[in-house]
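# Summary of the model geometry
Residue-level listing of the chains:
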Amino acid sequence: MAERQRTKREYVKRLKNDYEFRTFVTSGLSFFCTALFAGYNAFLGLAYKTAWNLGIAVYYAVLIVARSWVYAAEYKYHRANLSEIQKEQKRKGLLLWQSVLLFLLDSALVAPIILMLLQKREIRYSETAAIAVAAYTVYKAVFGSVNYAKTRKFANTSVKILRNIYFKDALVSVLLLQYTLIVTFGNGMRGDMLTLSAVTGAAVWGFLLAISVLSLSQAVRAAKQPDTPCKEQM
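Our subject in this report is the structure included herewith. (Residues numbered from 1 in each chain as written. Predicted model: local features only at pLDDT ≥ 70, side-chain atom pairs only at ≥ 80, totals over all residues. Heavy atoms only, no water.)

## Some remarks on the packing of helix α3 (residues 51–79) against helix α7 (residues 157–185)
At their nearest, the axes of α3 and α7 sit 11 Å apart, and the two run at 165° to each other. Here α3 lies roughly antiparallel to α7, going by the angle between them. Handedness of the crossing formed by α3 with α7: left-handed. Across the interface between the two elements, W52, I56, Y59, Y60, L63, A66, R67, V70, Y71 and E74 of α3 pack against S158, I161, L162, I165, Y166, K168, D169, V172, S173, L175, L176 and Y179 of α7. Taken together, the residues that form the contact of α3 with α7 break down as 16 nonpolar, 2 polar and 4 charged. (Axes fitted to C-alpha atoms, helices over the stretch in contact; angles between N-to-C directions. Helix = DSSP H or I, 4+ residues; strand = E, 2+ residues; numbered from the N terminus. Parallel < 35°, antiparallel > 145°, perpendicular 65-115°, else oblique. Left-handed = near helix turned anticlockwise from the far one by under 90°. Contact = heavy atoms within 4.5 Å. Nonpolar A, V, L, I, M, F, W, Y, C, P; charged D, E, K, R; others polar.)

## With respect to empty space enclosed by the protein
Rolling a probe over the atoms, with the probe sized like a water molecule, indicates the empty space that remains. On inspection of all chains with the given rule, the structure shows 2 cavities of 30 Å³ or more. Taken as a whole, the largest cavity encloses approximately 120 Å³ of empty space. Together, 13 residues line the largest cavity, and T23, N147, L162, R163 and Y166 are the ones closest to its centre. Residue assignment for the lining of the largest cavity shows that the elements contributing at least two residues are α2 (19–48), α6 (127–150) and α7. A per-class count over the lining of the largest cavity returns 6 nonpolar, 6 polar and 1 charged. Space inside the second largest cavity adds up to approximately 60 Å³. Every residue along the wall of the second largest cavity is listed here: L95, Q98, S99, L102, I161, N164, K168, S212 and S215. (1 Å grid on protein atoms, 1.4 Å probe; cavity = no way out; pocket = protein on both sides within 12 Å on 5 of 7 lines; lining within 4 Å. Points joined across faces, edges and corners; volume = space filled by probe spheres on them.)

## What to know about the layout of surface pockets
Estimated volume of the largest pocket: approximately 340 Å³. If you go around the largest pocket, the residues you meet are R14, D18, E20, F21, F24, Y71, E74, Y75, E84, K87, R91 and N156. Within the residue set of the lining of the largest pocket, elements represented by two or more residues are α2, α3 and α4 (84–108). Classifying every residue of the lining of the largest pocket gives 4 nonpolar, 1 polar and 7 charged.

## Side note on the pattern of salt bridges
In the structure shown here, the tally under the stated rule is 7 salt bridges. With its nearest N and O atoms 2.7 Å apart, the salt bridge here joins R91 to E84. In this structure R91 comes out as buried when scored by relative accessible area, which is 2%. Measuring nitrogen to oxygen at the nearest pair gives 2.7 Å for the salt bridge that ties K140 to D169. With K140 in helix α6 and D169 in helix α7, the pair connects residues that are 29 residues apart, well separated along the chain. Pair check on accessibility: K140 and D169 agree, each one buried. (Salt bridge = Lys/Arg side-chain N within 4 Å of Asp/Glu carboxyl O. Buried < 20%, exposed > 50% of the residue type's maximum accessible area, 1.4 Å probe, protein only.)

## Side note on helix α5 (residues 110–118)
Burial in α5 covers these residues: P112, I113, M116 and L117. All buried residues of α5 lie within an arc of 140° about the axis, which places them on one face of the element. On its buried face, α5 is in contact with α3, α4, α7 and α8 (192–223). (Arc of directions from axis to C-beta.)

## Regarding the packing of aromatic side chains
Applying the stated criterion across every chain, the model contains 8 aromatic pairs. Their ring planes at 85° and their centres at 5.5 Å tell us that F31 and F32 sit as a pair that is edge-to-face. On the basis of relative accessible area, F31 is assigned to the partly exposed category, the value being 21%. The class of F32 is exposed, set by a relative accessible area of 56%. Ring geometry for Y139 and F143: centres 5.6 Å apart, planes at 15°, overall stacked. Residue Y139 and its partner F143 are located together in helix α6, separated by 4 residues, close to a single helical turn. Take Y139: its relative accessible area is 48%, and that puts it in the partly exposed class. Residue F143 is classed as partly exposed on the basis of its relative accessible area of 27%. The residue whose ring lies beneath R14 is F21, and the NZ or CZ to ring-centre distance is 4.1 Å. Cation over ring: K140 sits above F37, and NZ or CZ is 5.0 Å from the ring centre. (Phe/Tyr/Trp six-rings, centres within 6.5 Å; stacked < 30°, edge-to-face > 60°. Lys NZ or Arg CZ within 6 Å of the ring centre and 35° of its normal.)

In structure tokens:
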């Protein structure tokens, strides 16, 4: 019993003081929330035949795969008893493949955004669901932005990858929130709301693409310098 309590205290202490460890833990929790969002949008897309929700479900599903890829790689490095330098060399290759995957995914996101603007069948969310989506989106946006800036000083490339994935998750949630609020409390995708949605969608998509381009550029530079850890990434 005493051993279990001591282990619990050590875990809580590490969670509080070790930012990299805390990033992996919180990203794991976010993994399940993203899975719920993906499942929810897949259900709406299939039930109401809305291409927008299906597209967002696919986007979230790929983010889940990307997160799983990082965790599987870290588990593999741990089992192989690699040194931190060896792990970081492996992570450079992981960063490159992750950057390519997310760049292609963000490039394809333009299709769901256009479908959101053009679709004629709109889903009417309940006010409670809309408010819940709003609260969770604000939390993700604030938490993602803070971590996006904070992790620039860390050398662990896997932490940077998870940070990028979480930030992209939060940005796409902003699009989903916008759509939810417009069709719930407004008059749907028409008139000024259509213009606002088009501008916001283009801005968010452009930001996502810029992050992917910069991440890919950083990964290529790191791959060309195998003996230098990846120090900074947007």
